[in-house]
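Descriptive analysis of the structure
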Amino acid sequence: MSYNLLKGKRGIIFGALDENSIAWKTAVRVHEEGGTFVLTNAPIAMRMGKIRDLAEQTGSEIIPADATSTEDLQNLVDKSMEILGGKIDFVLHSIGMSVNVRKGRHYTDLNYDWMTKGWDVSAVSFHKVMQTLYKSDAMSEWGSIVALTYMAAQRTFPDYNDMADNKSYLESIARSFGYFFGKDKKVRVNTISQSPTPTTAGQGVKGFDGFISYAEKMSPLGNATALDCANYTVTLFSDLTKRVTMQNLYNDGGFSNTGVSQEVIERFTEE
Ligand SMILES: NC(=O)c1ccc[n+]([C@@H]2O[C@H](COP(=O)([O-])OP(=O)(O)OC[C@H]3O[C@@H](n4cnc5c(N)ncnc54)[C@H](O)[C@@H]3O)[C@@H](O)[C@H]2O)c1
């Protein structure tokens, strides 16, 4: 299904690593809705090569950028405007990484250099992206910026480790920058809080399999898929959501407002 919701709109999509990535599915859906965009990822992700297939499929160019480098980001923004032929209407920040999670360091025994690195990649990079766009006056009026987050920012999920703190920070940046982007440039900034999703980043979290099936049983509509997230993001990039800003929006099948489900009760009830 395609509604031409993004016809004539230009954007930048961060974080498509492989076909499971939420950003990959979003790029495909944005393309179907008539949007044009530049794809970007960290130089190391480029070497893995898959992003080229996506670029071909969507008629996009790729500009490598480490989202923690303001130089790379400036180059990305300047070149994207050149390639796309004007200001940017939409940006997806779909980036997350914790060195402590990767290396299996427990939350009560964090390595602080790794913590700082993960915070920079997963949270501060969102500020860096927006500051670069803001200072370059690169966003069109009524443009839309979206970052992806997880409910561990509000409630404790022990194995999510320092990513929980990174997501809290990310959501706060969306509100703080959303104020100035709204006032000064008429641009909206939101985060989507997504269900657990089987991607490279998702599966890096310890106990992910148990966790995703628990969330599935707890959500009245079931877990939101990567495609569901892509569709939701398309609506936020479209003109149908012009005054939605500074929000953290749950795309989670109802998980965040469910105390307990019948399926979960049954598993704990002796016959
Ligand atoms: N998978 C889940 O369960 C889940 C749930 C909620 C939110 N999210 C969030 O969705 C977003 C996308 O993750 P995903 O699940 O699609 O996994 P993914 O592994 O496919 O995507 C993560 C991306 O971050 C990129 N990245 C890492 N370091 C970078 C850097 N320095 N500069 C630029 N890019 C960098 C990676 O190359 C990769 O493309 C992340 O913010 C993640 O936290 C995921």
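Data block above holds the structure.
Note that the coordinates shown come from a computational prediction; the quantities given were computed from them, not determined experimentally.

Some remarks on the overall build of the protein
If you tally the helices and strands in the protein, you get 11 helices and seven strands. In terms of C-alpha radius of gyration, the protein reaches 18 Å, essentially the compact-globule figure of 18 Å for 271 residues. Across its three principal axes, the protein shows a C-alpha extent of roughly 65 × 45 × 40 Å. In the protein, buried positions account for 44% of the 271 residues. If you take every contact in the protein between residues at least 6 apart in sequence, the share linking residues at least 24 apart comes to 73%.

Observations concerning helix α7 (residues 163–185)
Over its 23 residues, α7 runs 30 Å from end to end, which matches the ideal 33 Å to within 8%, given 1.5 Å per residue. The sharpest bend along α7 comes to roughly 25 degrees, located at F177. Within α7, the full set of buried residues consists of M163, A164, D165, N166, K167, L170, E171, I173, A174, F177, G178 and F181. Among the structural elements, α5 (99–102), α6 (112–135), β5 (139–149), β6 (188–194) and β7 (247–251) are those in contact with the buried residues of α7. Backbone geometry just downstream of α7 places K186 in the positive-phi region, at approximately 55 degrees.

Some points on the sheet that holds strand β2 (residues 36–40)
The strand order across the open sheet built from seven strands is β3-β2-β1-β4-β5-β6-β7, with neighbouring strands paired in parallel fashion. If you trace the sheet from one side to the other, it starts and ends with β3 (61–62) and β7, each paired once. Of the strand pairs in this sheet, β5 and β6 are connected by six bridges, and their pairing is parallel. Residue pairing across strands places A147 opposite T191, the latter belonging to β6. Each of β1 (10–14), β2, β3 and β4 (88–93) is contacted by helix α4 (residues 70–84), which is oriented at about 150 degrees to β2, the strand it contacts most. Contacting β1, β4, β5, β6 and β7, helix α10 (residues 226–237) runs over the sheet at an angle of about 165 degrees to β6.

A look at the site of the ligand
If you check the shell around the ligand, you find 27 residues, and the closest are S21, G96, T199, A201 and G202. Among the secondary structure elements, those contributing two or more residues to the shell around the ligand are α1 (22–32), β5 and α8 (200–203). Per-element tally for the shell around the ligand: the top contributor is α8, with three residues.

Brief notes about the packing of α1 against α10
Two quantities define a packed helix pair, namely the angle between the axes and the distance from one axis to the other. In contact at an axis separation of 8 Å, α1 and α10 are set at 55 degrees when each is read in the N-to-C sense. The angle between the axes of α1 and α10 places the two elements in the oblique class. Judged by the sense of rotation from one axis to the other, the crossing of α1 with α10 is right-handed. Residues I22, K25, T26, R29 and V30 of α1 pack against A226, L227, C229, A230, N231, T233, V234 and F237 of α10. Of the residues contributing to the contact of α1 with α10, the split by class is eight nonpolar, three polar and two charged.

Notes on the nonpolar core
Grouped burial of nonpolar side chains is what soluble globular proteins tend to show. I13, A16 and A27 are the most contacted members of the largest nonpolar core, which has 54 residues in total. For this core, the element with the most residues is α10, which contributes seven residues. Beyond its immediate sequence surroundings of up to four residues, I13 is in contact with A23, T26, A27, F37, L39 and L92. Ranked by size, the runner-up nonpolar core spans eight residues in total, among them V101, M151, Y160 and M163.

Regarding the pairing of β2
Side-chain direction in a regular strand flips from residue to residue, so the side chains alternate between the two faces of the sheet. When you tally the buried positions in β2, you get five out of five residues, the bulk of the element. A two-sided burial pattern is seen for β2, the buried positions comprising T36, V38 and T40 on one face and F37 and L39 on the other. Alignment of β1 against β2, held across five bridges, turns out to be parallel. What sits directly across from G11, in β2, is F37. Relative to β3, β2 is paired through two bridges, and the arrangement is parallel. Pairing of L39 across the sheet is with I62, part of β3.

Conventions used here
Residues numbered from 1 in each chain as written. Predicted model: local features only at pLDDT ≥ 70, side-chain atom pairs only at ≥ 80, totals over all residues. Helix = DSSP H or I, 4+ residues; strand = E, 2+ residues; numbered from the N terminus. Rg over C-alpha atoms; globule rule 2.2 N^0.38 Å. Buried ≥ 20, exposed ≤ 12 C-beta atoms within 10 Å, placed from the backbone. Contact = placed C-beta atoms within 7 Å. Expected span 1.5 Å × (residues − 1). Bend = angle between axes of the 7 residues up to and from the residue. Pairing = 2+ DSSP bridges. Axes fitted to C-alpha atoms, helices over the stretch in contact; angles between N-to-C directions. Near = placed C-beta within 6 Å. Parallel < 35°, antiparallel > 145°, perpendicular 65-115°, else oblique. Left-handed = near helix turned anticlockwise from the far one by under 90°. Nonpolar A, V, L, I, M, F, W, Y, C, P; charged D, E, K, R; others polar. Core = buried A, V, L, I, M, F, W, Y, C linked by C-beta atoms within 7 Å.

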